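Chain residues, written in single-letter form:
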Amino acid sequence: MTTKNPRSSVRNRHVRRDACIAMFLMACLLLGAVLSGAPLMIFFDFLVLLAWVGITAAALVIVYDSSVFSCILEGTKRLYMPGAYTAWNHAQCRKVVQIANTAGIVSTYVGGAGALIGLIQMMMNLDDPSAIGPSLAFSLLSLLYSAVANLLLFVPLSVHFGEVALEQSPSG
């Protein structure tokens, strides 16, 4: 029979609240940096976002199955709204960690591939200066979307549920 340390559950609530505050501040700082130099819409390209989300999602379905999306969604809910949901067991926490780690890696590679595609398009169109900008934007936005998803979603999921799984581990 395992007994729960009341101090650890209190600490977890504070860690989650701190994580929410930190994520909010990070998002505000990122948005502030974006808005300080240009309008927000120049950082949104539907085709780049569609390609990045589609390729990342397809890769996750290939590695796992279609339940990967509900796992990420449920993990995100439990990360940012801890009191609203029941706690997960060790196996569920480890599954979220594994999926979040894989999603972060896949996302990074998709962002890198998008950057290479954009750079190749740019190099192919060096004789047409009007085509350089959109190609470079495709390249950089692919990397930006990957970095933002990793910072605001995949890394927090992995770290938080990794710590929860460690606390719940039978040996520890």
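What comes next concerns the included structure. None of the values given here were measured: they were computed from a predicted structure.

It is worth spelling out a nonpolar patch on the surface at this point. A cluster of nonpolar side chains, namely Leu 116, Leu 119, Ile 120, Met 124, Leu 136, Leu 140 and Leu 143, defines an oily patch on the protein surface of about 660 Å² accessible area. Secondary structure elements with two or more residues in the nonpolar patch: α4 (90-124) and α5 (129-168). Broken down by element, the residue count for the nonpolar patch peaks at four residues, all from α4. Its place among the elements puts Leu 136 in helix α5.

With that settled, consider the nonpolar core. In terms of nonpolar packing, the biggest core is built from 25 residues, with Ile 72, Cys 93, Val 96, Leu 157 and Phe 161 touching the most fellow members. When contributions to this core are tallied by element, the ones reaching two or more residues are α2 (46-63), α3 (68-80), α4 and α5. If one sorts the elements of this core by residue count, α5 sits on top with nine residues.

All right, on to the pattern of salt bridges then. Throughout the structure, instances matching the rule amount to two salt bridges. Between Glu 74 and Lys 77 there is a salt bridge; the shortest N-O distance is 3.3 Å. Of the two residues, Glu 74 and Lys 77 are both situated in helix α3; the distance of three residues between them amounts to about one turn of the helix. Between Arg 78 and Glu 74 there is a salt bridge, with the nearest N and O atoms lying 2.9 Å from each other. Here Glu 74 and Arg 78 lie together in helix α3, a separation of four residues that amounts to about one turn. Through salt bridges with shared partners, one network takes in Glu 74, Lys 77 and Arg 78.

With 13 residues, α3 ought to run about 18 Å at 1.5 Å a step, and its terminal C-alpha atoms sit 18 Å apart, in line with that. Burial in α3 covers these residues: Val 68, Cys 71, Ile 72, Gly 75, Thr 76, Arg 78 and Leu 79. All buried residues of α3 lie within an arc of 165° about the axis, which places them on one face of the element.

For the coordinates displayed, the defined rule picks out one aromatic pair. Plain terms: the ring middles of Trp 88 and Phe 161 are 5.4 Å apart, the flat faces sit at 35° to each other, and that makes the pair tilted. Highlighted residues: Trp 88 in the loop between α3 and α4 and Phe 161 in helix α5, separated in sequence by 73 residues. Across this residue pair, the class does not change: Trp 88 and Phe 161 are buried.

About the criteria used
- Residues numbered from 1 in each chain as written.
- Predicted model: local features only at pLDDT ≥ 70, side-chain atom pairs only at ≥ 80, totals over all residues.
- Heavy atoms only, no water.
- Patch = residues over 30% accessible without salt bridge, like charges linked within 9 Å, V, L, I, M, F, W, Y side chains within 5 Å.
- Areas by Shrake-Rupley, 256 points an atom, 1.4 Å probe, with all protein chains shown as cover.
- Salt bridge = Lys/Arg side-chain N within 4 Å of Asp/Glu carboxyl O.
- Helix = DSSP H or I, 4+ residues; strand = E, 2+ residues; numbered from the N terminus.
- Core = buried A, V, L, I, M, F, W, Y, C linked by side-chain atoms within 4.5 Å.
- Buried < 20%, exposed > 50% of the residue type's maximum accessible area, 1.4 Å probe, protein only.
- Expected span 1.5 Å × (residues − 1).
- Arc of directions from axis to C-beta.
- Phe/Tyr/Trp six-rings, centres within 6.5 Å; stacked < 30°, edge-to-face > 60°.

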